[in-house]
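Okay, here's what each chain looks like letter by letter:
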Amino acid sequence: MNINNIKTETPRNKRGSVTVLGLGNMGASIAHTFINQGYDTVVWNRNTEKCKPLIQAGAATAETLGGAVSASKTIVICLLNNTAVDELLRQLTGSVAGKVFINLTSGTPAQARDFAEWADTHNASYIDGKILADPVDIGTSKSQLLFSGKPTVFDAQYSLLEKLGAITYYGEDAGAAAVDFLAQVTIGYEFLIGFLHTLQLVHKEGVDLAAFAHRVAGTLQGYGPLLSLMVSEIQLGTFKPDLGPLQVQAAMFDDLIGHRESQNIETVRMREIKSLMDRRIDDGHGDQGFSSLFELLGKQ
């Protein structure tokens, strides 16, 4: 994304001040959104060249990291990863008491909790945030943002954060938003790698890929109720045959694996599923559904 192409407008009434640390595509889009929404926005980036388009759009900048943090009570951080965030926070030598740090960088729940502890020891506040959106969608309804941290701090920052998109708040545990974020991202990648393997399979069989993808998209619409059913069965511990009994499903897997092998397509994931099914059947649960494999996951 070229941040120079983002539309900016000079607001008539300023709403408050905010500092944005990190001006990659996402950070720059966040800063532009605050500028467009009428906030006095201070920006900082190690590469000062990245500040120039924001300055032209109406932002101010600081010569040093400490100066950028001192300029506003609310500090929004958006860096490549939380290792970079940790390094940045370690560089802050002045007082940060009373500051509110809102970290919109991808990372783990443990990292979020560590940052919240760091803020507490420095008499500052911390909100952890995760973004499910592309940079170009920041500031629109397409942007989903997940937050967790102390409710009083979150409530005080809500009017600022809602300018970035649709918000979900997960409670006081600073790591809660990261738990949901990582899980949702993982589901996406698990599906997409399976989709790519399957595309290889049908491609080698001469199937039209665009037509196949269209059919898959239609099939996916039916998975919502299935997901709810599986969760219900897991919570109840009944494991009714959601996709049919495991012993019937397992019989089909020899064909699934054999077809892939015939086309020289990777079979690791299919064999893993078949192994889990066989273990569950051997334990006397062949009449249960696919959701019962939940009992085996996480066990050695």
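The structure displayed is predicted, hence computed values, not measured ones. (Residues numbered from 1 in each chain as written. Predicted model: local features only at pLDDT ≥ 70, side-chain atom pairs only at ≥ 80, totals over all residues. Heavy atoms only, no water.)

1. Brief notes about unusual backbone geometry
- The phi dihedral of Asn123 falls on the positive side, at around 60 degrees, and the residue is not glycine.
- Residue placement: Asn123 occurs in the loop between helix H5 (109–121) and strand E6 (125–132).
- The residue Asn264 is not glycine, and still its phi comes out positive at about 60 degrees.
- By relative accessible area, Asn264 is classed as exposed at 66%. (Helix = DSSP H or I, 4+ residues; strand = E, 2+ residues; numbered from the N terminus. Buried < 20%, exposed > 50% of the residue type's maximum accessible area, 1.4 Å probe, protein only.)

2. Points about the pattern of salt bridges
- Evaluated as defined, the whole model comprises ten salt bridges.
- The partner of Lys274 in a salt bridge is Asp278, with the nearest N and O atoms 3.0 Å apart. Here Lys274 pairs with Asp278, and both are found in helix H11 (residues 268–282), just four residues apart, close to one helical turn. (Salt bridge = Lys/Arg side-chain N within 4 Å of Asp/Glu carboxyl O.)

3. A closer look at the packing of helix H10 (residues 246–262) against H11
- Viewed as axis vectors pointing N to C, H10 and H11 meet at an angle of 155 degrees, and their least axial separation amounts to 10 Å. With respect to each other, H10 and H11 are oriented roughly antiparallel. Judged by the sense of rotation from one axis to the other, the crossing of H10 with H11 is left-handed. Contact with H10, carried on its side by Leu246, Gln247, Gln249, Ala250, Phe253, Asp254, Leu256, Ile257, Arg260 and Glu261, involves Met270, Arg271, Ile273, Lys274, Met277, Asp278, Arg280 and Ile281 of H11 and no other residues of that element. (Axes fitted to C-alpha atoms, helices over the stretch in contact; angles between N-to-C directions. Parallel < 35°, antiparallel > 145°, perpendicular 65-115°, else oblique. Left-handed = near helix turned anticlockwise from the far one by under 90°. Contact = heavy atoms within 4.5 Å.)

4. A short note on the state of the cysteines
- In total, this model carries zero disulfides according to the counting rule given.
- Considering cysteine sulfurs only, Cys78 is the nearest to Cys51, which forms no disulfide, with 14 Å between them.
- Residue Cys51 is classed as buried on the basis of its relative accessible area of 4%.
- Residue Cys78 is classed as buried on the basis of its relative accessible area, which comes to 10%. (Disulfide = S-S within 2.5 Å.)

5. Details of the environment of Val153
- Relative to the helices and strands, Val153 resides in helix H6 (residues 151–161).
- A C-alpha to C-alpha distance of 39 Å links Val153 and Gly237, two positions 84 residues apart in sequence.
- Apart from the residues within four sequence positions on either side, Val153 is in contact with Val100, Ser125 and Ile127.

6. Quick word on the nonpolar core
- If you look at the biggest cluster of nonpolar residues, it comprises 30 residues, and the most contacted ones within it are Ile30, Phe34 and Ile102.
- At the level of elements, strand E1 (17–21), helix H1 (25–36), helix H2 (52–57), strand E5 (100–103), E6, strand E7 (144–149) and H6 are the ones that each hand at least two residues to this core.
- Counting residues per element, this core draws most heavily on H1, which supplies six residues.
- Each residue touching Ile102, except ones within four places of it in the same chain, is listed here: Thr74, Ile75, Val76, Ile77, Ile127, Phe147, Gln157, Leu160 and Leu161.
- With 25 residues, the next largest nonpolar core counts Ala68, Leu79, Val96 and Phe115 among its residues. (Core = buried A, V, L, I, M, F, W, Y, C linked by side-chain atoms within 4.5 Å.)

7. Notes on the sheet that holds E5
- A sheet is described by the order of its strands in space; here eight strands give the open sequence E3-E2-E1-E4-E5-E6-E7-E8, paired in mixed fashion. Two strands in the sheet have a free side with no partner beyond their single neighbour: strand E3 (60–61) and strand E8 (166–169).
- Inspection of the sheet shows E5 paired to E6 by four bridges, in the parallel sense. Note on E6: the bridge partner recorded for Val100 is Ser125.
- Here H5 sits on the sheet in contact with E5 and E6, set at roughly 150 degrees to E6. (Pairing = 2+ DSSP bridges.)

8. Comments concerning the domain arrangement of the protein
- Examined at the domain level, the protein breaks down into domain 1 (15–180) and domain 2 (208–296).
- Distance from the C-alpha centre of domain 1 to the C-alpha centre of domain 2: 41 Å. (Domains from an automatic or database assignment.)

9. Some words on the pairing of E1
- Along E1, four of the five residues are buried, which leaves the element largely enclosed by surrounding structure.
- When E1 meets strand E2 (residues 40–44), the two strands line up parallel, connected through five bridges. Bridge pairing in E2 places Val18 opposite Thr41.
- Traced from E1 through H1 to E2, the parallel crossover comes out right-handed.
- Where E1 lies against strand E4 (residues 74–77), three bridges are found, and the strand directions are parallel. (Right-handed = clockwise from strand over helix to strand, strands pointing away.)

10. Re the layout of surface pockets
- As a volume, the largest pocket reaches approximately 2000 Å³.
- Along the walls of the largest pocket sit 40 residues, with Phe191, Tyr223, Met270, Ile273 and Phe290 positioned nearest its centre.
- For the lining of the largest pocket, the secondary structure elements donating two or more residues are helix H7 (176–204), helix H8 (209–220), helix H9 (223–236), H10 and H11.
- Here the element with the most residues in the lining of the largest pocket is H7; it accounts for ten residues.
- Its residues assigned to classes, the lining of the largest pocket comprises 27 nonpolar, seven polar and six charged. (1 Å grid on protein atoms, 1.4 Å probe; cavity = no way out; pocket = protein on both sides within 12 Å on 5 of 7 lines; lining within 4 Å. Points joined across faces, edges and corners; volume = space filled by probe spheres on them. Nonpolar A, V, L, I, M, F, W, Y, C, P; charged D, E, K, R; others polar.)

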